[in-house]
Amino acid sequence: MSNAKPKKKFSRRKFIIRSTVGVGVAIGATYFTRPLWRRSLAGLLNSAEAPYVGNTDEPRLWFEVTAENQVILNSPKVEMGQGTFTGLAQIAADELEVDIQQIKVIHAPTASGNIDGVSTGGSTSISSLWQPLREMAATMREMLKNEAAKQLGTEVADLSVENGVVTGNGQSLTYGEIVKATTEWEVPDVPTLKKASEYKFVGQPVPRVDLKDKVNGAPMFGMDASLPGMLFGAVVRPDQIGATFVGADTSEAENMPGVVKVVREPDFVGVVATSRMAAEQAKQTIKAEWTTDRNWQSSDIEAMIKVGKGDPVTIQKTGRPKRILDNEEDVLTAEFTSPIGAHAQLEPNGAVVHVEADKATVIISTQVVDITRKEVADRLGLDPKAINIIPTYLGGGFGRRLHTPNAIQAAVLSKAVGKPVKCFFTRKEEFQNDTFRPPTHHILRGKLDEKGKIKAIEHNLSSGDVMFGSPLFPGIAAPILGADVGAWRGGMIQYKGIPNFRAVSWRVKLPFATSWWRSLGLLANTFAIESFMDELALKAGKDPVQFRLEHIQDDKAGYRLSEVIKAAAKKAGWKDEVVNGRAMGFAASTDANTPCAHVAEVSIENGEIKVHKVTCAIDPGMVVNPDQVRAQCEGNIIMGQSAAMYERMIVKDGQLLPSIYGPYRMALMRDAPKEIDVVILENDDAPGAVGEPPMGPIGAAIANAAFRLTKERLRSLPLVSS
Amino acid sequence: MKISFNINGQPQSLDIDGNTPLLWVVRDILDLKGTKFGCGKAACGACTLHVDGEAVRACSYAVKYANDKRITTIEGLSNGDELHPVQQAWMEEIVPQCGYCQPGFMMATAALLEQIPNPTDEDIDNNIVNVCRCATYYRMRKAIHRAASIQSQNTKTQTS
Amino acid sequence: MRKNHRTYLIICFVIAGLTIGFSDPKDAPTELNLSTSDTRYAELTPEKAFDLMMEVLTHKRCVNCHPADDYPRQGEDSHIHNFGVQRGPDNHGVAALKCQTCHQDENNNYSGVPGAPEWSLAPRKMAWQGLTRVEIARSMLNPDNNGGRTLEETVHHLTEHELVLWAWEPGVDANGKPREKPPVPKAEYIKAVKAWAEGGAPIPEQ
């Protein structure tokens, strides 16, 4: 998306005067009319240019200028550690001509009208707001300058602006003073935006704007919220897959100490008490009855997730790969699997809800503000506008909070007692009622020509759903698309220099919830494809890095991928040999138009893979905050390492297990690589995706390295068996 | 039962069921939200605070044991506006991402540095076993070494 | 054993026997009920006493904290304790991860973390993991291994130390499931230990 646009004006404007705080500038949203149906769903999830889609009818509050000359930025995107608030502050500060310290980013409550219709996820927050936010901030700056010119009795051209202070005609006015003295605003054309060379904050490693609060342990998360007179709720949840609530004997619970009310609904039973412990203990005395249709085991799930089961959808095809692979000799075939993955984010799900006669307030960690509001409204029989969702900082998102039905239960409890109720999952419930990363099965086939180049390659993927069944997509999406875009994210062949290639998807609906897990299918798909590329390279007798470069197409995407591969190899000092008991492994992926490559350096210690160093190269388009890009790479690398090496859920006697940290093994301090080098390749495209792409290559990079030490190809995640 | 203790330099006295986990006393009764609930099973360490200077997981510590003890939470780690060396280092290295687990890690680290002022990487591996899902371990390790350095500089400044 | 030593020991046992008869009421009823109907505990020769005692001392509730290396075990399958928890310089863990970071003086039924006074690893010299019952018994009687204890001190430890007796009130795990107790009820175990010591503390060949 470029800066060059014809004259544009925000066509609707409404201004909110807040007498105590200052003046808010709410800019109407007809600008944002790029409805979902205009872009293909596949494009939405795979491209970096996800549209910002908000509720287009209401004016939305973006900025508020306070009397103290601070600017409050109401963010429709939530902050879950991915650094979005910091990036938005930098972008706004540059065009607004304020210092970064003057901007305070807050989560926009739905009452502000600034409601994100898409969700925070898919690595799209910065990329989707890059253009709109700059335009709004620049417009607001010009509005303030225009008013200042009047108030100072001079021309706009004679004004200078710095740090929220407008100077002209020998005098100065702060933004706060300007807004206080203005009653009627003119909205100018959107001005020319700054050039990259003019940025003060964009492109700089500005420290996170929420850093101090997080280091001080500020009460900023959903779990920390409270309202006056608040009570505590607990809901009985099943530990069996597919359990349907039949009824419950709550007689003992009614008499437990601290219990205010036992709440019986057709679909659940819960209890409200005066403390969390009282609610939990009362809940434990409830004898709930569930019916389940089947006593599921892991072997049942494994039997379902098999390439060839169900109807295939070809999601990618060039040339005649099937004909070649079906008929020619010396075709290499390989199978790979990945397990059920839990989110395991540290802050459990829950909400603080206060339901009153005709309205409700919901304080909640959510990635889907709009859906949360709609579901609570539906259950309470109220108009969505009567519900104010107040999002909080998330103690981890990772896709877990792209659906928040727990808000419904908390609302029902609050309504039943007529008081605010705080209701949160236990950790066991968190593990057993997750919307998991689905297990996968892959079969790859490949054929080399006489020069050792890939003549044909095919990736077959069987996976549980990611997108289908999520409230973000209407039920109609499944039959239209056929294949689940989330499941085959990263599953297409990225080496388009290969003359014949295809990717085929088999969709499986599992008996438990599977959905969005950071980077969706990218981790498992890249593990399979990039392990297979390693096998093909060895079969061809070629260096794996060189082998990949040979198959990249000659276009912009191919160029960017090649540069990233070369940069990673160079920085790592790539060599395909074992030195002092250590070996390197290589892998690369392209996700949402962001190519990324890893070199993992590992050894085997006490019979287990040990990761010493990871070198990462990434091309995320323009970099808003290089320190945060680096942080996202570091986090993705270790989280991906954790999932690839250690994590897995099993199904035993109808239960998803384990249900506690420890038995659900994850990477700890001792497991994380002591060295991580990140090379950021910048270009002047708009900012692209960063939050997920670096997850892709890590599984295969580690497995490929391990192969060089053990000569045993690891084909199943987790790589380390427990 | 009546339980009295000192928390972050303030005396506190409560009449409460002695088996209540200290975590809920701190969070819900004393309204100190910095100490977090992650699992309630002493597995993740998000609830780590100090009892008489030692790291304790508050979700698995009955408040009756806190009688006559000195409790420090993340809110009490700093000295007014002056951040603890661990917090200073966490700021310098820009460690937190979502931030939810960080107080527990900072408290565990502060307890470590109290007894091992100059920890090796192996000391860090053995002592710091909390769970961070955002996986900020790489910067945490750097921050722990930095905190040790800040602390030793402070000590030199005090004694010189 | 020298005669006056043995007499002293018998007097000790008699006194102890009188006090044990009035043992903690919350323990006694179930154990005694089991024993009166069980012929295993009827005729306690020193050799049979040894068998009963070692059934307990080789049980995971004991051996989990008597490892041969620096890592406690946990659970019914005696897996290595999660999170790399380890012995440390004085058997109480390491600086920021002591046993008492999580384990207190009593079981915690909310978290599923077991507890007893002085919760810690048995010193390396009292490592029992991987030893046969005969080797454990010999180690128990060897002052080099047992911390310089005499037989009577060993018996006192085995029958009265709260951490040892925890095995019969091991609490529940993180899922609320009660931990498995040793296969011999506490009262019968205590009787067996004493009967064994009284009978000269014989150790069979295997």
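Scroll up for the structure.
Predicted model only: the values in this text are computed from it and were never measured.

Participant: So what exactly am I meant to see when it comes to helix H17 (residues 626–645) of chain A here?
Facilitator: Given 3.6 residues per helical turn, the α-helix brings residues three or four places apart onto the same face. All names here are of chain A. Its 20 residues place the ends of H17 28 Å apart at the C-alpha level, agreeing with the 28 Å of an ideal helix rising 1.5 Å per residue. With 19 of 20 residues buried, H17 lies mostly within the body of the structure. The backbone nitrogen of Asp-627 lies 3.0 Å from a side-chain oxygen of the residue at the head of H17, namely Asn-625.

Participant: Can you walk me through the sheet that holds strand S8 (residues 171–174) of chain A in this structure?
Facilitator: Within a sheet, neighbouring strands are paired by backbone hydrogen bonds and run either parallel or antiparallel to one another. All names here are of chain A. Spatial strand order, S6-S7-S8: three strands in an open sheet with antiparallel pairing. At either margin of the open sheet sits one strand with a lone partner, and together these are strand S6 (160–162) and S8. Each strand of the sheet is rotated relative to its neighbour by a mean of 25°, with strand direction disregarded. Sheet analysis places strand S7 (residues 165–168) next to S8, joined by four bridges and oriented antiparallel. Bridging across to S8, Val-166 finds its partner in Leu-173.

Participant: Would you explain the interface of chain B and chain C in this entry?
Facilitator: Often, the extent of an interface is quoted as the loss of accessible area on bringing the components together. Between chain B and chain C, the residue contacts involve 25 residues of the former and 18 residues of the latter. With both chains or domains summed, chain B and chain C bury close to 1900 Å², and 52% of this area falls on carbon and sulfur atoms. Considering only the side of chain B, the residues that lose the most area to chain C are Lys-41, Ser-60 and Tyr-65 of chain B, jointly responsible for 28% of the buried surface there. Across the contact surface, chain B and chain C share two salt bridges. Across the salt bridge formed by Lys-98 of chain C and Glu-54 of chain B, the nearest N and O atoms sit 2.6 Å from each other. Joining chain B to chain C, the criterion identifies 14 residue pairs in polar contact (both at pLDDT 80 or more).

Participant: Can you help me understand unusual backbone geometry in this one?
Facilitator: Most of the time, phi is negative for any residue but glycine, and the peptide bond is trans. All names here are of chain A. Following Leu-657, the chain continues to Pro-658 via a peptide bond in cis, the omega torsion being 0°. Backbone torsion omega between Leu-717 and Pro-718 reads 0°, so that peptide bond is classified as cis. At Ala-344, a residue that is not glycine, the phi angle is positive and equals roughly 60°. With respect to the helices and strands, Ala-344 occurs in the loop between strand S15 (332–338) and strand S16 (350–355). Even without being glycine, Asn-580 reaches a positive phi, approximately 55°. Structurally, the position occupied by Asn-580 is in the loop between helix H16 (556–572) and strand S23 (583–591).

Participant: What's the story with the packing of aromatic side chains in this structure? I'm lost.
Facilitator: Centre distance and the angle of the planes are the two values used to describe a pair of aromatic rings. Residues and elements named next belong to chain A. Evaluated as defined, the whole model comprises 15 aromatic pairs over all chains. Each ring, one from Phe-336 and one from Phe-527, has its centre 5.6 Å from the other, and the planes form 80°; the classification is edge-to-face. Of this pair, Phe-336 sits in strand S15 while Phe-527 is found in helix H14 (residues 522–540), placing the two residues 191 residues apart along the sequence. Pair check on accessibility: Phe-336 and Phe-527 agree, each one buried.

Participant: Help me understand the packing of helix H2 (residues 84–96) of chain A against helix H3 (residues 125–152) of chain A, please; the structure alone is not making it clear to me.
Facilitator: Two quantities define a packed helix pair, namely the angle between the helix axes and the distance between the axes. Residues and elements named next belong to chain A. As a packed pair, H2 and H3 sit with axes 8 Å apart at the nearest point and diverge in direction by 30°. Classified by the angle their axes make, H2 and H3 are roughly parallel. Handedness of the H2/H3 crossing: right-handed. Where H2 abuts H3, its residues Thr-84, Gly-87, Leu-88, Ile-91, Ala-92, Glu-95 and Leu-96 lie against Ser-125, Ile-126, Leu-129, Trp-130, Leu-133, Arg-134, Ala-137, Ala-138, Met-140 and Arg-141. For the contact of H2 with H3, a count of residues per class yields 11 nonpolar, three polar and three charged.

Participant: Please explain the pairing of strand S12 (residues 269–273) of chain A as it appears in this structure.
Facilitator: Taken residue by residue, a regular strand's side chains alternate between the two faces of the sheet. Residues and elements named next belong to chain A. The element S12 is extensively covered by neighbouring structure, given that five of its five residues are classed as buried. Here S12 shows no split at all, with Val-269, Val-271 and Ala-273 on one side and Gly-270 and Val-272 on the other all buried. The sheet contact formed by strand S9 (residues 231–235) and S12 spans four bridges and is antiparallel. What sits directly across from Ala-234, in S12, is Val-271. Summarising the sheet, strand S11 (residues 259–264) and S12 pair through five bridges and their orientation is antiparallel. Within S12, the residue paired with Val-263 across the bridge is Gly-270. Here S11 hands over to S12 after four residues, the two strands then running antiparallel side by side.

Participant: I would appreciate a short explanation of the interface of chain B and chain A in the present structure.
Facilitator: Listed by partner, the interface residues are 48 residues for chain B and 57 residues for chain A. Note on chain B versus chain A: buried area summed over both sides is about 4400 Å², and carbon and sulfur give 64% of it. When the area that chain B buries against chain A is broken down by residue, the three leading residues are Gln-97, Arg-133 and Tyr-138 of chain B, summing to 20%. In this structure, the connection of chain B to chain A is made through six salt bridges. The partner of Lys-36 of chain B in a salt bridge is Asp-224 of chain A, and the shortest N-O contact between them spans 2.7 Å. Summed over the shared surface of chain B and chain A, the result is 19 residue pairs in polar contact (both at pLDDT 80 or more). Here the element with the most residues in the side of chain B that touches chain A is helix H5 (residues 137–159) of chain B; it accounts for six residues.

Participant: I keep staring at the sheet that holds strand S21 (residues 454–464) of chain A and nothing clicks. Help me out?
Facilitator: All names here are of chain A. Pairing in this open sheet of five strands is mixed, and the strands run S14-S22-S21-S20-S15 from one edge to the other. Since the sheet does not close on itself, it has two edges, and those belong to strand S14 (312–318) and S15, each with one partner. On average, adjacent strands in this sheet sit at an angle of 15° to one another, irrespective of strand direction. Sheet analysis places S15 next to strand S20 (residues 440–448), joined by seven bridges and oriented antiparallel. Bridged to Ser-338 within S20 is Thr-440.

Thresholds applied
- Residues numbered from 1 in each chain as written.
- Chains lettered and ligands numbered in written order.
- Predicted model: local features only at pLDDT ≥ 70, side-chain atom pairs only at ≥ 80, totals over all residues.
- Heavy atoms only, no water.
- Helix = DSSP H or I, 4+ residues; strand = E, 2+ residues; numbered from the N terminus.
- Expected span 1.5 Å × (residues − 1).
- Buried < 20%, exposed > 50% of the residue type's maximum accessible area, 1.4 Å probe, protein only.
- Polar contact = N/O pair within 3.5 Å; in protein donor to acceptor, adjacent residues only side chain to side chain.
- Pairing = 2+ DSSP bridges.
- Axes fitted to C-alpha atoms, helices over the stretch in contact; angles between N-to-C directions.
- Contact = heavy atoms within 4.5 Å.
- Buried area = accessible area lost by both parts, 1.4 Å probe.
- Salt bridge = Lys/Arg side-chain N within 4 Å of Asp/Glu carboxyl O.
- Phe/Tyr/Trp six-rings, centres within 6.5 Å; stacked < 30°, edge-to-face > 60°.
- Parallel < 35°, antiparallel > 145°, perpendicular 65-115°, else oblique.
- Left-handed = near helix turned anticlockwise from the far one by under 90°.
- Nonpolar A, V, L, I, M, F, W, Y, C, P; charged D, E, K, R; others polar.

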